[in-house]
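Residue strings, one per chain:
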Protein chains: 2
Amino acid sequence: MTKKNFPLSDVYGLLEPGPVVLLTTQRKDKPNVMTHSWLTMLEFEPPLVGCVISNRNYSFAALESSGECVINIPTSHLQAAVVGCGNTSGRRTNKFAKFGLTPMPAKYVQAPLIKECFANLECKLVDADMVPRYNLFVFEVLKAWIDPKMDHAPTMHHRGSGAFMLAGETITLQSKMK
Amino acid sequence: MTKKNFPLSDVYGLLEPGPVVLLTTQRKDKPNVMTHSWLTMLEFEPPLVGCVISNRNYSFAALESSGECVINIPTSHLQAAVVGCGNTSGRRTNKFAKFGLTPMPAKYVQAPLIKECFANLECKLVDADMVPRYNLFVFEVLKAWIDPKMDHAPTMHHRGSGAFMLAGETITLQSKMK
């Protein structure tokens, strides 16, 4: 287990830049993974994340029935898996096998962590009231993991129609913003 | 007026990568601008955007009373304004004057466009039901503008505590995802 605990108070800094994520679910004994980028922070701590998951996605039913997921953050070395998971459905495909992703047991949820992702957020569904109107699931992050070895590879940011922006340099400014 | 119409069907491609935005409001005759990055797409077309605006922000009351805003997307040449607008409050500061931002009249809303931003999204509040629980405002984008001259400068992506990731190169992959 190369993954280290990551402080829940710092989770917003992983998601606020807007990376594409790989969202894993578990339904009965079957794990699945989907490519996802319609999400926003809703609260700092405990971290609340709002994820818009279309009911056309196979993961939708797994989220509703299990009330759990893991938000995994990939970097550009996983670009084939990111696109592949977005192009296929868990209905017909074992995406972990097909795209070379390794499921790892999570601590608090049944959905697996993806070993190859540099950060993994174990999430529990805490509010489904906005699912009927916007497919908006509100998750609380229960546990966050980071792989120190991978955290400098560029994240991927979806621009649509196959275009992905890769994270560039980070600058530090005199900000009072959290 | 150097800004050109931008198709509403393509708006998601501007926001999905996760750039920091400058959100402008107008209350009575007084415009204001805040730095913002807790937002997500909720629907493709007409574009719906969910923005989490803390009720501690001066813009909160302007949003509630006017039901309008403009989401302006800055690039790194505006980094001083992005941080400055995040460090100050419209209660005490005319941020446009202080940070060298030029307000321009919008077509459908009272809130101004920011001339120096490469994209500007005129927004109408369409759903405030989630404001009490999450400070989540749902806006419909009525009109989108782009400045073709600026659209290759890197956007800024907030990592917290003064750290901003600057957008890097864009790659194109064989994606079936919209």
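Check the entry above for the structure.
Nothing here was measured: the structure is a model prediction, and the numbers come from that model.

Caption draft 1: The overall build of chain A, seen in detail. Helix and strand counts for chain A come out as five helices and twelve strands. Relative to the globule expectation of 16 Å for 178 residues, the C-alpha radius of gyration of chain A, 15 Å, shows essentially globular dimensions. Dimensions along the principal axes, computed over C-alpha positions, put chain A at roughly 50 × 35 × 35 Å. Counting over 178 residues, chain A shows a buried share of 63%. Here the contacts in chain A between residues at least 6 apart in sequence split such that 66% fall between residues at least 24 apart. Computed over 19 positive and 15 negative side-chain charges, the inter-centroid distance for chain A is 8 Å.

Caption draft 2: Region of interest: the interface of chain A and chain B. Contacts between the two partners involve 51 residues from chain A and, on the opposite side, 51 residues from chain B. Where chain A meets chain B, there are four salt bridges. In this structure, Asp-129 of chain A engages Arg-133 of chain B in a salt bridge whose closest nitrogen and oxygen atoms are separated by 2.7 Å. Taken together, chain A and chain B are joined by 32 residue pairs in polar contact (both at pLDDT 80 or more). Residue contributions to the side of chain A that touches chain B peak at ten residues, all from strand E12 (residues 163–172) of chain A. Here the residues of the side of chain A that touches chain B are counted per class, giving 24 nonpolar, 18 polar and nine charged. Both E12 of chain A and strand E12 (residues 163–172) of chain B contribute to a ladder of seven bridges, which runs antiparallel. Within E12 of chain B, the position partnered with Thr-172 of chain A by the bridge is Ala-163 of chain B.

Caption draft 3: Region of interest: the pairing of strand E3 (residues 30–36) of chain B. With five of its seven residues buried, E3 of chain B lies for the most part within the structure. Between the end of strand E2 (residues 21–27) of chain B and the start of E3 of chain B, which pair antiparallel, lie two residues, with Lys-28 of chain B showing a positive phi angle near 55°.

Caption draft 4: Empty space enclosed by the protein, seen in detail. Tallied over the full model, the rule gives two cavities of 30 Å³ or more. Estimates place the volume of the largest cavity at around 160 Å³. Taken together, 17 residues make up the lining of the largest cavity; nearest its centre are Gly-18 and Leu-39 of chain A together with Leu-15, Gly-18 and Leu-39 of chain B. At the level of secondary structure, the elements contributing two or more residues to the lining of the largest cavity comprise strand E4 (39–43) of chain A together with strand E4 (39–43) of chain B. Here the residues of the lining of the largest cavity sort into nine nonpolar, six polar and two charged. One number sums up the size of the second largest cavity: a volume of about 40 Å³. What lines the second largest cavity is Thr-25, Arg-27, Lys-30, Asn-32, Tyr-58 and Ala-62 of chain B. Its residues assigned to classes, the lining of the second largest cavity shows two nonpolar, two polar and two charged.

Caption draft 5: Structural view of the pairing of E4 of chain A. All names here are of chain A. Among the five residues of E4, four are classified as buried, and the element is accordingly described as predominantly covered. Bridge count between E4 and strand E5 (residues 48–52): four bridges; the pairing is antiparallel. Its bridge partner being in E5, Leu-39 is matched across the sheet by Cys-51.

Caption draft 6: Inspection of the relation of the copies chain A and chain B at higher detail. With an RMSD of 0.0 Å, the fit of chain A onto chain B corresponds to turning through 180° and sliding 0.0 Å along the axis. Both copies of the chain, as the preceding transformation shows, are related through a two-fold rotation axis. The fraction of interface residues of chain A whose copies in chain B are also interface residues reaches 100%, indicating that both copies meet through the same surface.

Caption draft 7: Fine view of the environment of Phe-6 of chain A. Residues and elements named next belong to chain A. Along the polypeptide, Phe-6 turns up in the loop between strand E1 (4–5) and helix H1 (12–15). Note on Phe-6: relative accessible area 15%, which makes it buried. Spatially, the C-alpha atoms of Phe-6 and Gly-86 are 27 Å apart, while their sequence positions differ by 80 residues. In this structure Phe-6 touches Val-11, Leu-14, Ala-144, Trp-145 and Ile-146, once residues within four positions along its chain are discounted.

About the thresholds
Residues numbered from 1 in each chain as written. Chains lettered and ligands numbered in written order. Predicted model: local features only at pLDDT ≥ 70, side-chain atom pairs only at ≥ 80, totals over all residues. Heavy atoms only, no water. Helix = DSSP H or I, 4+ residues; strand = E, 2+ residues; numbered from the N terminus. Rg over C-alpha atoms; globule rule 2.2 N^0.38 Å. Buried < 20%, exposed > 50% of the residue type's maximum accessible area, 1.4 Å probe, protein only. Contact = heavy atoms within 4.5 Å. Lys, Arg positive; Asp, Glu negative; His and termini not counted. Charge placed at Lys NZ, Arg CZ, Asp CG, Glu CD. Salt bridge = Lys/Arg side-chain N within 4 Å of Asp/Glu carboxyl O. Polar contact = N/O pair within 3.5 Å; in protein donor to acceptor, adjacent residues only side chain to side chain. Nonpolar A, V, L, I, M, F, W, Y, C, P; charged D, E, K, R; others polar. Pairing = 2+ DSSP bridges. 1 Å grid on protein atoms, 1.4 Å probe; cavity = no way out; pocket = protein on both sides within 12 Å on 5 of 7 lines; lining within 4 Å. Points joined across faces, edges and corners; volume = space filled by probe spheres on them. Least-squares fit on C-alpha atoms with pLDDT ≥ 70 in both.

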